[in-house]
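Remarks on the overall topology
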Amino acid sequence: MSSEVKITIETFKTVTKAIAQSDNLDIMANHLAQLLVTALDIKGCAIFVQDPDIKELEILASFGLSPKYLSKGPLLADMSLAANLKGEPVIVADVSKDKNIQYPEEARKEGIAAILSVPIVFLNEVLGALRLYHYETWQISEQDLDSLHLLAEHVGLVMTYTRLLNAIQSITEVINLALPTDLLPGLKKG
Amino acid sequence: MVAPRILLPYNFTIYDEKALDFVIKTFANQKDAKITLFYTYTPLPELDMESPVLKQMKGAVRSLSKELSEKETGLESARESLLRSGFSGDQVDYTFKKRMKSIADEIIETASQGHYTVLVLSRQPGKATRLFTRSVHNRVLAALKNVTICIAT
């Protein structure tokens, strides 16, 4: 069990730069997962999007987790680390002693000993969750938790930006189909 | 009639298995059909030489190699499912490549350059992700010409 600071300002700069350099949410989220697993020396990381209607979490990107674990079943936001729904992080320092997780047996089989879930929030709306999976019990430092909160906020901003961009691109495509002239050429590329 | 060249993007979900089943049921009796299972992975990000994370990247490279090895084994299993269902070895292959662009663009490029005549896509029931990432189906449908696109639901 360790609570040393793993996300230094230099690490934070590297991770945020990687986020800013991707123009594709899917690739950005995958890079974020890869870098966090590397920087924190943990087992895996996954980024989820929350369906606002049925409160189910859908996977956007992951690293270090097996396809079998990722397809273990639907992740219901109110059964899986439910405090995220209120915008609060959840720390499961020891999976074997916590009732907050939906699939404890699958986690054990995957070799997961601890989980940290940070909500991805934008303007008080929970958009998803950033989840980190450790192969040993985990006492994360306050500073690392703050850094992850900030990163999750960045992800929320990027998600909101891409949602708006997608909407504009869809409208542009409809307009371009209906009209012979290309009204917004800069937005054509998807 | 032109022999069908089938591209099957595969991402190891139960929905991809449905797409695989569809290919088996539809094309198992066509001895001239060629099938390519297709998977792309996101490479590790490029980092500045001064980045402190760079020193730790060995661990990430190991994790990625392990993950890719598991995925390649998974693709091989999917290929074996096709072989067990009556396809011959020279009818089925797979493409396992680094993703350089969006999934939709990778599929479009591979389908166009490989002159595939049939594209079989799976459909995940989730809808929230589609708010943030553009629909692969819509983009593929808009971009590909002279390709039969089947969506297994």
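Residues numbered from 1 in each chain as written. Chains lettered and ligands numbered in written order. Predicted model: local features only at pLDDT ≥ 70, side-chain atom pairs only at ≥ 80, totals over all residues.

Focus: the overall build of chain B
Scanning chain B for helices and strands turns up five helices and five strands. The principal-axis extent of the C-alpha atoms belonging to chain B is close to 60 × 35 × 30 Å. Taken over 153 residues, chain B has a buried fraction of 29%. Counting only contacts in chain B whose residues sit at least 6 apart along the sequence, the fraction spanning at least 24 positions is 80%. (Helix = DSSP H or I, 4+ residues; strand = E, 2+ residues; numbered from the N terminus. Buried ≥ 20, exposed ≤ 12 C-beta atoms within 10 Å, placed from the backbone. Contact = placed C-beta atoms within 7 Å.)

Section: the pairing of strand E2 (residues 56-63) of chain A
All names here are of chain A. Counting buried residues in E2 gives seven out of eight residues, a clear majority hidden from the surface. Direction of pairing for strand E1 (residues 44-51) relative to E2: antiparallel, over a ladder of seven bridges. Across the sheet, residue Phe48 finds its bridge partner in E2, namely Ile59. Counting the residues that bridge the hairpin from E1 to E2 gives four residues, and of these Lys55 lies at a positive phi of roughly 55°. With two bridges joining them, E2 and strand E3 (residues 75-76) adopt antiparallel strand pairing. By the bridge assignment, Leu57 is partnered in E3 with Leu75. (Pairing = 2+ DSSP bridges.)

What about unusual backbone geometry?
Although it is not a glycine, Asn124 of chain A adopts a positive phi angle of roughly 65°. Checked against the element boundaries, Asn124 of chain A lands in the loop between strand E5 (114-122) and strand E6 (125-134). Of note, His115 of chain B is a non-glycine position whose phi angle comes to about 55°, a positive value. For His115 of chain B, the location among the structural elements is in the loop between helix H3 (103-113) and strand E4 (118-122).

Details of the interface of chain A and chain B
Taken together, the 33 residues of chain A in the interface contact 29 residues of chain B. Mapped onto the side of chain A that touches chain B, the elements with two or more residues apiece are helix H1 (9-21), helix H2 (25-40), E1, E2 and helix H5 (142-178) of chain A. With ten residues, the top contributor of residues to the side of chain A that touches chain B is H2 of chain A. Here the side of chain A that touches chain B is composed, by residue class, of eleven nonpolar, 16 polar and six charged. (Nonpolar A, V, L, I, M, F, W, Y, C, P; charged D, E, K, R; others polar.)

A closer look at the sheet that holds E4 of chain B
Residue and element names in this part refer to chain B. The strand order E3-E2-E1-E4-E5 describes an open sheet built from five strands, whose pairing is parallel. The open sheet is flanked by strand E3 (92-98) and strand E5 (148-152), the only strands paired with a single partner. The mean inter-strand angle of the sheet, taken between neighbouring strand axes irrespective of direction, is 20°. Across five bridges, the pairing between strand E1 (residues 5-9) and strand E2 (residues 34-41) is parallel. What sits directly across from Leu8, in E2, is Leu37. (Axes fitted to C-alpha atoms, helices over the stretch in contact; angles between N-to-C directions.)

Observations concerning H2 of chain A
Residue and element names in this part refer to chain A. Relative to the 22 Å expected for 16 residues at 1.5 Å per residue, H2 spans 22 Å between its end C-alpha atoms, a close match to the ideal helical length. Counting buried residues in H2 gives 16 out of 16 residues, a clear majority hidden from the surface. The first or second residue beyond H2 is Asp41, which carries a positive phi of 55°. (Expected span 1.5 Å × (residues − 1).)

Regarding the packing of H1 of chain A against H5 of chain A
Residue and element names in this part refer to chain A. In the contact formed by H1 and H5, the axes pass within 11 Å of each other and the chain directions differ by 10°. Overall, the two elements H1 and H5 adopt an arrangement that is roughly parallel. Contact residues: H1 offers Phe12, Val15, Thr16 and Ile19, while H5 offers Ser147, Leu151, His154 and Val158. Tallied by class, residues from the contact of H1 with H5 come to five nonpolar, three polar and no charged. (Parallel < 35°, antiparallel > 145°, perpendicular 65-115°, else oblique.)

Brief notes about the environment of Lys34 of chain B
All names here are of chain B. Summarising the element assignment, Lys34 is placed in strand E2. In this structure, the C-alpha to C-alpha distance between Lys34 and Asn138, residues 104 residues apart in sequence, is 25 Å. Setting aside anything within four residues of it in sequence, one finds Lys34 in contact with Ala3, Arg5, Ile6 and Gln91.

Some remarks on the confidence of the model for chain B
Residue and element names in this part refer to chain B. Of all residues in chain B, 96% attain a pLDDT of 70 or more, and the chain-wide mean is 88. Element-level mean pLDDT values for chain B span from 79 in helix H4 (residues 129-132) up to 97 in E1. Both scores are given for the predicted complex: the pTM is 0.84, the ipTM 0.80. (pLDDT = per-residue confidence, 0-100.)

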